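The chain contents come next:
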Amino acid sequence: MIAGAGGIGLACATAFAYVGARIAIFDANPEKLRAASGSLTSECYLREVDLAVPEQVKTAVDAVEDEFGGLDVVLHAVGINIRKPSLQLEPDEWLKVLKVNLDSAFWLAQAAGRHMVPRRSGRIILVSSVSSQLAHPDHAPYAATKAGLNQMMRVMAREWANDGVTLNAIAPGYIETELTIGYLEKEENRQRLTSLVPMGRLGVPQELTGPVLFLASPHSSFITGQVLYIDGGRTLV
Ligand SMILES: NC(=O)c1ccc[n+]([C@@H]2O[C@H](COP(=O)([O-])OP(=O)(O)OC[C@H]3O[C@@H](n4cnc5c(N)ncnc54)[C@H](O)[C@@H]3O)[C@@H](O)[C@H]2O)c1
């Protein structure tokens with residue numbers, strides 16, 4: 001089950017479909033869901049869900065659990081960013097980023113965990129960010145959600161470690177998707193960000209799919225509570 005039909009969510013859905021997984025995708029934007037169904041070759045379960053609303057998340061996760069007869073893997077790939085200096089942020093903007101990025105991850109992991117823990121099996125993967133570690137200006141709420149997500153994931157991973165359920169996060173550097181495209185359209189932004197990456201380039205969504213498949217697979221059975229940075233070396237500098 002994949003929450004988020006954006007650039008990263010859809011790339012991961014395509015990779016899961018390629019290895020033969022049955023897929024459900026949640027997103028608040030019906031156009032994103034339509035585009036996902038058009039680009040995936042295998043049939044998948046699509047549902048419009050506002051992940052920031054706990055009741056909607058629970059109902060949707062329970063429905064997929066019933067439909068599929070069990071959830072094996074859950075990927076949280078939902079997020080927004082409001083780039084503003086801290087002095088200018090309004091209360092509703094702060095809260096919106098927290099709800100969409102962090103609250104949604106908690107409600108999704110909790111709803112999935114309520115099925116996975118009793119069954120003693122499951123993989124939960126969250127998409128964090130290099131912003132969980134780096135202090136990018138104008139990123140206060142976004143960075144707070146990603147650092148919070150890492151620590152929330154570690155607590156849940158510890159709670160469920162003896163129940164056959166693992167939780168891990170991937171933390172990408174700048175990847176070109178709708179989330180970043182507006183910012184990257186300015187050539188000076190693109191050049192500055194690229195110059196900070198030791199590999200000398202930004203990433204593409206497909207570079208995240210291998211690590212996600214690995215964390216969803218039996219090859220990662222003894223890994224839980226970890227954050228895997230996928231950033232071309234960005235967090236080395
Ligand atoms: N693109 C990057 O550079 C980058 C880097 C690090 C981390 N991330 C993280 O990766 C994840 C996916 O981002 P992306 O780059 O694919 O962005 P994206 O904008 O392409 O996709 C985000 C998706 O989330 C959906 N969404 C937003 N609010 C929602 C809500 N309340 N309920 C349900 N769906 C909602 C949007 O409709 C969209 O389809 C996010 O958590 C983001 O923070 C992205």
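Above this text sits the structure in question.
Below you will find a few notes about this structure.

The rules we used
Residues numbered from 1 in each chain as written. Predicted model: local features only at pLDDT ≥ 70, side-chain atom pairs only at ≥ 80, totals over all residues. Heavy atoms only, no water. Helix = DSSP H or I, 4+ residues; strand = E, 2+ residues; numbered from the N terminus. Rg over C-alpha atoms; globule rule 2.2 N^0.38 Å. Buried < 20%, exposed > 50% of the residue type's maximum accessible area, 1.4 Å probe, protein only. Contact = heavy atoms within 4.5 Å. Areas by Shrake-Rupley, 256 points an atom, 1.4 Å probe, with all protein chains shown as cover. Pairing = 2+ DSSP bridges. Polar contact = N/O pair within 3.5 Å; in protein donor to acceptor, adjacent residues only side chain to side chain. Near = heavy atom within 4 Å. 1 Å grid on protein atoms, 1.4 Å probe; cavity = no way out; pocket = protein on both sides within 12 Å on 5 of 7 lines; lining within 4 Å. Sits in = over half its atoms within 2 Å of the grid points. Nonpolar A, V, L, I, M, F, W, Y, C, P; charged D, E, K, R; others polar. Right-handed = clockwise from strand over helix to strand, strands pointing away. Axes fitted to C-alpha atoms, helices over the stretch in contact; angles between N-to-C directions. Parallel < 35°, antiparallel > 145°, perpendicular 65-115°, else oblique. Left-handed = near helix turned anticlockwise from the far one by under 90°.

As for the overall build of the protein
Phase 1 of the analysis: Counting secondary structure elements, the protein contains eight helices and seven strands.
Phase 2 of the analysis: Radius of gyration (C-alpha) of the protein: 17 Å, near the 18 Å computed for a compact globule of 237 residues.
Phase 3 of the analysis: When the backbone C-alpha atoms are referred to their principal axes, the protein occupies close to 50 × 40 × 35 Å.
Phase 4 of the analysis: Counting all 237 residues of the protein, 49% fall into the buried class.
Phase 5 of the analysis: Here the analysis covers contacts within the protein between residues at least 6 apart in sequence; of these, 67% occur between residues at least 24 apart.
Phase 6 of the analysis: Accessible surface, the protein: about 11600 Å² in total, of which carbon and sulfur atoms supply 54%.

Brief notes about the sheet that holds strand E7 (residues 227-230)
One key point about sheets: their strands pair by backbone hydrogen bonds, in either a parallel or an antiparallel sense.
Phase 1 of the analysis: If you trace the seven strands from one edge of the open sheet to the other, you get E3-E2-E1-E4-E5-E6-E7, paired in parallel fashion. The strands lining the two open edges of the sheet, one partner per strand, are strand E3 (44-48) and E7.
Phase 2 of the analysis: Direction of pairing for strand E6 (residues 165-172) relative to E7: parallel, over a ladder of four bridges. Following the sheet pairing, isoleucine 170 is matched in E7 by leucine 228.

What about the side chain of asparagine 81?
Phase 1 of the analysis: In this structure, asparagine 81 sits in the loop between strand E4 (73-76) and helix H4 (91-119).
Phase 2 of the analysis: A polar atom in the side chain of asparagine 81 sits 3.3 Å from the side chain of histidine 139.

A closer look at the site of the ligand
Phase 1 of the analysis: Taken together, the neighbourhood of the ligand is formed by 28 residues, with Ile8, Asp27, Tyr142, Ile175 and Thr177 sitting nearest.
Phase 2 of the analysis: At 3.2 Å, a backbone N or O of alanine 28 approaches a nitrogen atom of the ligand.
Phase 3 of the analysis: Between the ligand and isoleucine 175, the relevant distance is 2.7 Å, taken from an oxygen atom to a main-chain nitrogen or oxygen of the residue.
Phase 4 of the analysis: Coverage of the ligand by the protein chains reaches 92% of its 830 Å² of free accessible surface.
Phase 5 of the analysis: One can see that the ligand is located within the largest pocket.
Phase 6 of the analysis: Counting only elements with at least two residues in the shell around the ligand, the list comes to helix H1 (7-18), helix H5 (140-160) and helix H6 (178-184).
Phase 7 of the analysis: At three residues, the largest contribution of residues to the shell around the ligand is made by H6.
Phase 8 of the analysis: For the shell around the ligand, the class distribution of residues is 14 nonpolar, nine polar and five charged.

So, helix H8 (residues 206-216)
Phase 1 of the analysis: Among all positions in H8, only Leu208, Thr209, Pro211, Val212, Leu215 and Ala216 are buried.
Phase 2 of the analysis: Along its buried surface, H8 packs onto H1, E4, strand E5 (122-127), E6 and E7.

Some words on the pairing of E5
Phase 1 of the analysis: With six of its six residues buried, E5 lies for the most part within the structure.
Phase 2 of the analysis: Burial along E5 is two-sided: the residues Gly122, Ile124 and Leu126 and Arg123, Ile125 and Val127 are all buried.
Phase 3 of the analysis: Here E4 runs beside E5; their pairing, made up of four bridges, is parallel. In the sheet register, leucine 75 faces E5, and the bridge partner there is isoleucine 125.
Phase 4 of the analysis: Once you follow E5 into H5 and on to E6, the crossover reads as right-handed.

Focus on the packing of H4 against H5
Phase 1 of the analysis: In the contact formed by H4 and H5, the axes pass within 8 Å of each other and the chain directions differ by 15°. The angle between the axes of H4 and H5 places the two elements in the roughly parallel class. Our pair here, H4 against H5, has a crossing hand that is right-handed. Residue-level contacts link Trp94, Val97, Leu98, Asn101, Leu102, Ala105, Phe106, Ala109, Gln110, Gly113 and Val117 of H4 to Ala140, Pro141, Tyr142, Ala144, Thr145, Lys146, Gly148, Leu149, Met152, Met156 and Trp160 of H5.
Phase 2 of the analysis: Here the contact of H4 with H5 is composed, by residue class, of 16 nonpolar, five polar and one charged.

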